[in-house]
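A closer look at the structure
One-letter residues, chain by chain:
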Amino acid sequence: MSACASQGTGPARSLVAGEGFVDPIGFHDPTPTFSWKLAGGVKRQTAYRIEVNCGGDEQTQWDSGWVESDQSVLVPYGGKPFDSREQVTWRVSYKDQDGVKSGWSEPASIELGLLSKDDWQAKWIKAENAPEPKEEVVVYLRRAFEAKDQVASARLYVTARGMFDVLLNDQRVSDDHFANGWTSYRNRLDSLTYDVTDLVKKGDNQLQVMIANGWYCGRIGWAEQVGYYGKTPELLLQLEITFKDGSTQVITSDEDWQSALNGPVVSSSVYDGETYDARRVADGWAPVVANDDLGDVRMMPKPFPAVRQTQTIKAVSVSEPAPGKYVFDLGQNIVGWAKIHMPVEKDQTITIRYVEMLNQDGTIYTANLRSAKSTDTYTAAKSGKVTWQPHFTFHGFRYVELSGLPENAKPKKDWVTGVVLHSDLNRIGHFESSHDLLNQLQSNIVWGQRGNFVDIPTDCPQRDERLGWTGDAQVFCPTAMFNYDCHAFWKSWLGSMRDDQVEDGRIPHVIPDVLKRDAGSPGWMDAATIIPWAVYVRTGDKELLADNIGMMEKLVGYYRSKSKDGLITEINAFGDWLQPYAKETKGDTPAPLIATAYYAHSAQILADSLRVLGRDEEAKRYEDEANAVKSAFARHYFDADGKLQNAPETQTAYLLAIAFDLIPSDAKPKAVEHLVRLVHEADDHLRTGFLGTPFIVSELDKAGYPDLACKVLLKETYPSWFYSIHQGATTMWERWNSYSHEHGFGDAGMNSFNHYAYGAIGQWLYERLAGLAPDPANPGYKHFFIRPLVSAPIDHARAELDTPYGKAVSGWTKHNGVAKLEVIVPPNTTATVEFPDGRESQTLEPGKYHFELNVE
């Protein structure tokens, strides 16, 4: 018996339900999965046992019994599905590698939300004589009620057509912002559950709710589109109180509520900002319009964390570039809003404007906002000091301009604080190196992700867009999965994608789809296959593949309908978007080539996904289809020398062909040589847009050109990742040259300074440069690879990831021709080190390891 076993085996820890939920309230899944981490020092699990208790009963509802298995992640619940509101506790015991049982873990809890429309007694309510959506007026709602006894527990269930903010006895019920979030509203509405036991008091109580247009009926999409899903914000609310004597009381949204339109939040708009007049007090209360028809939409508890404040940032300087206009610099481009804390005078209106960049004279640069006003105003009710922040808007900004101050004002830096808002996901991955610019690049990638994960994966946070572009999302997904635990985030967004898929199989350009423009751009619509597979590889979630397999099949079916003999010859596409030095915005790589490449790629992912699900016969059929498309692609687009034909030679054309394995193995090295030639002709720079960029460094490296890969990565002149950093970037930019000190700003019509697509390079930094890579054959980091690129012209790189099993690390430092490699393998996993010095690979059991490598 090992020393570890003789000392006893510690209990399991870090128990989570579903996609990473810790003791959730308002949970969405009646048949969840369970995950846990093993105690330190344990090598592996050989069996587990789960007990589930419900409703406080001592009797166990489900006991898995001892199951001989090493599975400790996403273990399916095998009992009777849970009901709405049900309160569940569960615990786990396991046997270690020597068969020694652990003690029971500390119990974890799950409380279900309202799983069905049948659970709602409430009615939809809205203001009487509500204004047109374009006015973006905020509606105030209230309802007084009496709690007859001492409260034992109280739960508030709430959703809206629009955004809501709930106060109970003048206290906000949560830290959530922009709830209930943005889904394909005609198909699905998410609800939130709050424990308000401590807010309800015996006797008189009052519920107060603000509802705003938000994404539901506010200005969204391009031009002046308002009211896309509906014309008026509405509320659905249910407060369920249990008293200490066991009796209950239910307060619902119904005819007993009152509404007002003249509260201090005059208007609030996603794009345009918020107008607040502290002199106004909601009065003139009028009846509400109530409707007990809940509609055809699916209603379910929100299946991932809401947007919350995660950080505040102090201003680093304040200037006055124009008389009476004071500009505060936060030093970092963020998404959220400014919280002002400053002296004001009665009836004075402070105007707060938000921008990402400054003009050369220090004034704010607003041209790239297009029609978005991105402006808040605050009007004071009395003189004195005020602390204020908006409610239903968000801005992308580094700089805040205050105007409307008294002539003798002397602003201080602490008058403005940046409030960082995004979906409240857990940070799980970290990368750092000895190269300052690489570290800044990683910072820019992370800030770009934070700023654009605002309930959906947006393309930009500042202008009149902020939409869920599918192409941007699919290239960035693997990088995103390393930095943050966004398993549940992607799972929810894919649900909206399924809802909005066109009947013929195309995927709209943005999800949720508010553009109603042409869907079906190759490389964009393939988010339907690429994202599910990328998430599966990093989580092991087979259910996610099963949920989306029908969507994948419809997409491949659409490609098939557009093809002839395996080739697609005509299709509308964004192409290799924003390729530098291209003749047009869509790049120089022909749309038919891109379409055929992605057809093959999506068909192959579909085949692989079906095989994971045990549907081998169907997998074989789609694999045959993928192979047929690959053969047709190779015959048409490549000659015997591996050179492109029937299309212009572009880096991206070669990269897609190589990355998607579209070229016969004997011709592939020749194609790589042509790619290398193109890179050299560009002075070792990239010439890739949104679709080619994720592959250029990784494919050069895989093909045996790691030195050239590093040259491309570390270039500091245009176009390169470091170029924008030298121009002052603190987030990823939409264009390689969105701004330069020499030439100024790029095309203001499309020039976001917070656009994560080119941050896809992060995947290579983590998985190859530092060397911590997942294994698709053993997903969720059950087994992973250590593949450090110690030949890179830097001295140190390290990736650290909190996997579903525990912390994994690959880090190396080199000095005087010797590299020292640190590896941490978490319990219940293995890792294979592929040594860069030629020695035989080694598979490691859990533990901490150090190796010395000769790199001369």
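This is a predicted model, so every value here is computed, not measured. The numbering scheme is per chain: residues are counted from 1 as the chain's sequence reads. Note on the predicted model: pLDDT of at least 70 is required for a residue's local features to be given, and 80 or more for side-chain atom pairs to be given and counted; whole-chain, interface and lining totals, by contrast, use all residues. To get the side-chain values, all heavy atoms of the structure are used, and hydrogens and water are removed first.

**Topic: the sheet that holds strand S41 (residues 783-786)**
The strand order S40-S41-S45-S46 describes an open sheet built from 4 strands, whose pairing is mixed. Every other strand in the sheet has two partners, leaving strand S40 (772-774) and strand S46 (842-844) as the edge strands with one partner each. Between one strand axis and the next, the sheet turns by 30° as a mean value, whatever way the strands run. By the bridge criterion, 4 bridges tie S41 to strand S45 (residues 830-833) in an arrangement that is parallel. Each bridged residue has a counterpart across the sheet, and for Phe784 the counterpart in S45 is Ala831. A pair of strands counts as paired when DSSP detects no fewer than two bridges linking them. In DSSP terms, a helix is any run of H or I states spanning at least four residues, a strand is any run of E spanning at least two, and both are numbered starting from the N terminus. Interaxial angle, 0 to 180 degrees, is taken between N-to-C directions of lines fitted to C-alpha atoms, where a helix line uses only the stretch in contact.

**Comments concerning helix H13 (residues 706-714)**
One full turn of an α-helix is made of 3.6 residues, so residues set three or four places apart face in the same direction. Throughout, exposure labels follow a simple rule: accessible area from a 1.4 Å probe, protein chains only, divided by the maximum for the residue type, with under 20% read as buried, over 50% as exposed, and the rest as partly exposed. Along H13, the residues that are buried comprise Leu708, Ala709, Cys710, Val712, Leu713 and Leu714. Only heavy atoms matter for contacts: two residues are in contact if any of them lie within 4.5 Å across the pair. If you follow the buried residues of H13, they end up packed against helix H3 (436-452), helix H11 (668-681), helix H12 (693-702), helix H14 (721-726) and helix H15 (762-770).

**Comments concerning the sheet that holds strand S3 (residues 33-37)**
In space, the 3 strands of this open sheet follow the order S1-S3-S6, with antiparallel pairing throughout. Two strands close off the open sheet at either side, each with one partner strand: strand S1 (13-17) and strand S6 (75-76).

**Focus on the nonpolar core**
The biggest cluster of nonpolar side chains holds 242 residues, and the ones touching the most others in it are Trp36, Leu441, Trp490 and Trp721. In terms of residues, this core owes the most to one element, helix H8 (residues 591-612), which gives 13 residues. Each nonpolar core is a collection of buried residues, namely Ala, Val, Leu, Ile, Met, Phe, Trp, Tyr and Cys, held together in the definition by side-chain atoms within 4.5 Å. With 31 residues, the next largest nonpolar core counts Phe145, Val196, Leu235 and Ile251 among its residues.

**Quick notes on the pattern of salt bridges**
Criterion for a salt bridge: a side-chain nitrogen of Lys or Arg within 4 Å of a carboxyl oxygen of Asp or Glu. Overall, the coordinates contain 51 salt bridges when judged by the stated rule. Asp661 is the partner of Lys668 in a salt bridge, and the nearest nitrogen-oxygen pair spans 3.8 Å. Judged by its relative accessible area of 25%, Lys668 is partly exposed. When the shortest N-O distance is used, the salt bridge between Arg768 and Asp701 registers 2.5 Å.

**Details of the state of the cysteines**
Sulfur atoms of two cysteines make up a disulfide when they are within 2.5 Å. Inspection of every chain in the model, using the stated rule, returns 0 disulfides. As a non-bridged cysteine, Cys477 has Cys486 as the owner of its nearest cysteine sulfur, 6.5 Å distant. Overall, Cys486 belongs to the buried group, its relative accessible area being 0%.

**Thoughts on the packing of aromatic side chains**
Pairing of aromatic rings covers Phe, Tyr and the six-membered ring of Trp, with a centre-to-centre limit of 6.5 Å; geometry is then stacked below 30 degrees between planes, edge-to-face above 60, and tilted otherwise. Applying the stated criterion to the full structure yields 50 aromatic pairs. Consider the rings of Tyr77 and Phe82, whose centres lie 4.5 Å apart with planes at 25°: the pair is stacked. With relative accessibility at 7%, the residue Tyr77 sits in the buried group. Here Tyr559 and Tyr599 contribute two aromatic rings whose centre-to-centre distance is 5.5 Å and whose plane-to-plane angle is 20°, an arrangement assigned as stacked. In this pair, Tyr559 is assigned in helix H7 (residues 542-562) and Tyr599 in helix H8, connecting sequence segments 40 residues apart. Judged by relative accessible area, Tyr599 falls into the buried class, the value being 3%. One aromatic cluster is present, built from ring pairs that chain together Phe304, Phe453, Phe476, Phe489, Trp490, Trp493 and Tyr756. Cation placement over rings: the criterion is NZ of Lys or CZ of Arg within 6 Å of the ring centroid and within 35° of the ring normal. We note Arg91 situated over the ring of Trp104; from NZ or CZ to the ring centre the distance is 4.1 Å. A cation sits over an aromatic face here: Arg466 above Phe394, 5.1 Å from the ring centre.

**Section: the environment of Ser268**
Within the secondary structure, Ser268 sits in strand S19 (residues 265-269). Considered as a pair, Ser268 and Phe394 are 126 residues apart in the sequence and their alpha carbons are 9.9 Å apart. Those residues in contact with Ser268 that lie beyond four places of it in its chain are Glu136, Val138, Gly273, Glu274, Phe392 and Thr393. Only 2.5 Å separates the side chain of Ser268 from the side chain of Glu274, close enough to count as a polar contact. Whenever two N or O atoms come within 3.5 Å, that pair is a polar contact, provided that in protein one can donate a hydrogen and the other can accept it, and provided that, for residues adjacent in sequence, both atoms are side-chain atoms.

**Observations concerning unusual backbone geometry**
Here the residue pair Ala179 and Asn180 is connected by a cis peptide bond, since its omega of 15° sits within 30 degrees of zero. Residue placement: Asn180 occurs in the loop between strand S13 (171-172) and strand S14 (188-195). With an omega of -5°, the peptide bond running from Ile511 to Pro512 counts as cis. With respect to the helices and strands, Pro512 occurs in the loop between helix H5 (487-500) and helix H6 (527-539).

**Some words on the side chain of Glu86**
Take Glu86: it is sitting in the loop between S6 and strand S7 (87-95). Although buried, Glu86 forms no salt bridge, and the nearest oppositely charged side chain, Lys80, lies 5.6 Å from it. Not counting chain neighbours up to four residues away, the residues in contact with Glu86 comprise Cys54, Gln61, Ile110, Glu111 and Leu112. In this count, Lys and Arg are taken as positive residues and Asp and Glu as negative ones, while His and the chain termini are left out.

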